[in-house]
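Structural overview for review
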Protein chains: 2
Amino acid sequence: MSKAQVLVIGGGFAGLAAVKRLSGRGVDVTLIDKANHHLFQPLLYQVATGGLSPANIAAPLRSVFRSKQDVTVIKDDIQSIDLADRVAHGRRGQYRYDTLILAAGGEISYFGHDEWRQAAPGLKSIADATAIRERVLSALELAESTRGERLPTFVLAGGGPTGVEMAGAIAELTRQTLKGEFRHIDPAECKILIADPGDRLLAGYPEKLSDRAADQLRSMGCEVCLGAALLDVGEDFAVIGDDEHQRRIPNAVTVWAAGVSAVKLTRTLAGQFGAELQHGGRLPVEKDLRLPGVADAFAVGDLASFYDQDGDPLPGVAPVAIQQGRHAAMNALRLAKGKPTKPFKYRDYGSMAVIGRGAAVADVGGWQLGGYPAWLAWLFIHLIQLVGFQNRLLVATQWAWNYFTRNREARLITARRDS
Amino acid sequence: MSKAQVLVIGGGFAGLAAVKRLSGRGVDVTLIDKANHHLFQPLLYQVATGGLSPANIAAPLRSVFRSKQDVTVIKDDIQSIDLADRVAHGRRGQYRYDTLILAAGGEISYFGHDEWRQAAPGLKSIADATAIRERVLSALELAESTRGERLPTFVLAGGGPTGVEMAGAIAELTRQTLKGEFRHIDPAECKILIADPGDRLLAGYPEKLSDRAADQLRSMGCEVCLGAALLDVGEDFAVIGDDEHQRRIPNAVTVWAAGVSAVKLTRTLAGQFGAELQHGGRLPVEKDLRLPGVADAFAVGDLASFYDQDGDPLPGVAPVAIQQGRHAAMNALRLAKGKPTKPFKYRDYGSMAVIGRGAAVADVGGWQLGGYPAWLAWLFIHLIQLVGFQNRLLVATQWAWNYFTRNREARLITARRDS
């Protein structure tokens, strides 16, 4: 009897966790991703602000699974899936499966304002991060060239973890790292503005931590604008506000940190199973993480919509993705042995966001931490989670360096624009 | 009396050496570069083959001169210079000077075949290196997707140090690093071909070292094609040979390592001084490194054409650039004090090229080394020359890691093509 073929689409947290659980357990695993690397997204904002190099937070997928002979890695971009025929169609090839684990994740969503993509890039891939890094640094170079006439204001549209972390990192960059490097401007005079339409930052966190994060950002010189959405944006301006009050910000360098939806691939599945797509194109899943009415396809991570016991949707964070990836793999193995699946239960160990050097907020096991203790916890947890020992070593070295020198050596402008 | 204004154009080896010598000596220095970083070009091939990250071999210019209050760094692309009026015209501004040091370096030259630029990229900037890295890795991914039907052949057009180092690094990548990472192809079966129209590799080195380099490359599985120039190239083929014999290479991934000329800026100077432009648009210079008949403008490094006592032109290598940069700075300071300039003399400490893990050739002070000793000398000399202590630390860590694991973790495909 030939081995069951399990196809995992997506090499993010969920897909990686699934493949690790499947390997060595009697099935053949194929992992497909459109990139050639796994990306540790929680640290992407560090690349966008010159604190880390892309390779520090990425691991080539082939390298991760080199020694696993039952794992085949393929670089391809899946365009559609036929659930009845059990085949996935990519740009380069077609992939048959016995069991499918969909873990292709999310993508930046502009809520119908796709025209903002150019002027307000989001932060999802390495290319996004280096593009934002280039934009931030080039704006400061332009300000220096114009002797301060065009001093930029940095606008973070969205008050979730990405917005908070980027605001903090830009504050560090402009207030500390670049001190003394310019002759005609003082980068510390650049405004930093974080805007969110809600009534607090970090809406998914306990309220006390939201207040703490806002206080810490303010103490670093950031302006926190609540009840304010991004209303319009162009190459050198942004408009934030609500229906009544609007504020136009000249020389704005805007980063979109407001929305993520499931990848477009999910839309090719609409109508192929017994339910509608959920908010943001997310796939509805049963308690065992299978698509409704589909015996051999699981959906996990940011492209799945799962409701916990209290009826709340699980957030799109790494711990959910990792636990779901593992659980779907376990259920896939049970199916291969003819056993019934088990329902998924999320174990919430807490959440954290970093604001700057020695400043973070964390909610761990009911404990709420701020400042230095939260920051140390953040450092430690992110270091041990990085894939690859070398990455851990290099990132630890780089962080220690950045900490003691307040420097960010990876702040390169590398785009081809000039050449 | 106001201080003399010295303008240095170019932040490569020559420009950096000049600014370092000028700072703290009673003149005002302005350094202009189109990039925001100094690039350690001798290690660029390591970025192109995934051994190092761009930030490992680049240092932000503002960071290098942060503490030098008499140095102003400007990011601009100089378009023309008016020697009589003593003003340089950039895209963003105009820059008046009392003394000029031209150190803008070279650029890739296709000897009239500019249409090859797309299919056979050269290696000069970080963007070039990451583009070549993407091309090399994507070719292997395509070969895996087609189950070996389109196994690439890597073609290095040019047998100078860049061609030799790239050939060696690609051999390491395909023969060692990637071992076991593919399921349908064996990357070690990819051909690597280094072509040079001359009768030996490393034409500027002693003949014994040329032979050694060719032997070492052959032992690593590279084919050395002498008397063969690149005749034509496209997205997936290359033609090498001479007038009589031609060889068409299918599925070729070609890197252009054959030609460098002075930057185009030098052509705006033609007719402004008392001599013709030299080979490749290089600027002729007097013995004291000034442009012929121009009292206040020096040209140094790759854009200058300087003949030594024996009437041979100095090669376009880092030691020449560094010594010339320093010397021009010293002469500029002498001019500012009303003293006569001194003639430049090049002190040749030797040359080296690395071929792979534990393999290099070196000609140092009349000693000719090969293999492991040459490789250790190469490592040591390149490490101590890297600008910035952190870069040295990270590169040493990365090299030690690469050495013991035979791995290259920076092999990322980061282009936007897929997104």
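Above this text sits the structure in question.
Now for a look at the structure at hand. (Residues numbered from 1 in each chain as written. Chains lettered and ligands numbered in written order. Predicted model: local features only at pLDDT ≥ 70, side-chain atom pairs only at ≥ 80, totals over all residues. Heavy atoms only, no water.)

1. A look at the overall build of chain A
From N to C terminus, chain A includes 9 helices and 24 strands. Across its three principal directions, the C-alpha atoms of chain A cover 75 × 50 × 50 Å. Counting across all 419 residues of chain A, residues that qualify as buried make up 58%. When contacts within chain A are restricted to residue pairs at least 6 apart in sequence, long-range pairs at least 24 apart make up 61% of them. (Helix = DSSP H or I, 4+ residues; strand = E, 2+ residues; numbered from the N terminus. Buried < 20%, exposed > 50% of the residue type's maximum accessible area, 1.4 Å probe, protein only. Contact = heavy atoms within 4.5 Å.)

2. Topic: the packing of aromatic side chains
Residue and element names in this part refer to chain B. On inspection of all chains with the given rule, the structure shows 14 aromatic pairs over all chains. For the pair phenylalanine 13 and phenylalanine 40, a centre-to-centre distance of 5.6 Å together with 75° between the ring planes defines the contact as edge-to-face. In this pair, phenylalanine 13 is assigned in helix α1 (residues 13-22) and phenylalanine 40 in the loop between β3 (37-39) and α2 (44-48), connecting sequence segments 27 residues apart. Residue classification places phenylalanine 13 among the buried residues on the basis of a relative accessible area of 16%. Look at tyrosine 372 and tryptophan 375: their rings are 5.5 Å apart centre to centre, the planes differ by 55°, and that puts the pair in the tilted class. With tyrosine 372 and tryptophan 375 both in helix α8 (residues 371-385), this residue pair falls 3 residues apart, about one helical turn. (Phe/Tyr/Trp six-rings, centres within 6.5 Å; stacked < 30°, edge-to-face > 60°.)

3. Here we look at the relation of the copies chain B and chain A
It takes a turn of 180° to lay chain B on chain A, together with a shift of 0.0 Å along the axis; the resulting RMSD is 0.0 Å. Considering both components of the superposition, the chain copies are consistent with a two-fold axis. Interface residue correspondence from chain B to chain A reaches 98%, placing this contact among same-surface, isologous pairings. (Least-squares fit on C-alpha atoms with pLDDT ≥ 70 in both.)

4. A look at helix α7 (residues 318-336) of chain B
All names here are of chain B. Look at α7: 27 Å from first C-alpha to last across 19 residues, which is about the 27 Å you get at 1.5 Å a residue. Counted residue by residue, α7 has 14 buried out of 19 residues, so it is predominantly covered. Phi turns positive, to about 75°, at glycine 338, one or two residues after α7. (Expected span 1.5 Å × (residues − 1).)

5. Digging into the pattern of salt bridges
Side chains that differ in sign of charge can pair as their charged atoms come close. Tallied over the full model, the rule gives 20 salt bridges over all chains. For Glu223(A), the salt bridge goes to Arg247(A), with nearest N and O atoms at 2.9 Å. Taken together, the residues span a long stretch of sequence, with Glu223(A) in strand β13 (residues 222-226) and Arg247(A) in strand β16 (residues 246-250) at a distance of 24 residues. Where Asp288(B) meets Arg290(B), a salt bridge forms, and the shortest distance between an N and an O atom there is 2.8 Å. This pair shows no difference in class: Asp288(B) is buried, exactly as Arg290(B) is. (Salt bridge = Lys/Arg side-chain N within 4 Å of Asp/Glu carboxyl O.)

6. Let's talk about the sheet that holds strand β14 (residues 229-234) of chain A
Residues and elements named next belong to chain A. Taken in spatial order, the 3 strands line up as β14-β15-β16 in an open sheet, and their pairing is antiparallel. Edge positions in the sheet fall to β14 and β16, since each has one partner strand and no second. Across the sheet, the mean angle from the axis of one strand to that of its neighbour is 20°, orientation sign disregarded. Summarising the sheet, β14 and strand β15 (residues 237-241) pair through 5 bridges and their orientation is antiparallel. Across the sheet, residue valine 233 finds its bridge partner in β15, namely alanine 238. (Pairing = 2+ DSSP bridges. Axes fitted to C-alpha atoms, helices over the stretch in contact; angles between N-to-C directions.)

7. Description of the state of the cysteines
Residue and element names in this part refer to chain B. In total, this model carries 0 disulfides over all chains according to the counting rule given. No disulfide involves cysteine 225; its sulfur sits 11 Å from the nearest other cysteine sulfur, which is in cysteine 222. Overall, the relative accessible area of 10% leaves cysteine 225 in the buried class. (Disulfide = S-S within 2.5 Å.)

Any functional reading would require information beyond the geometric quantities listed.
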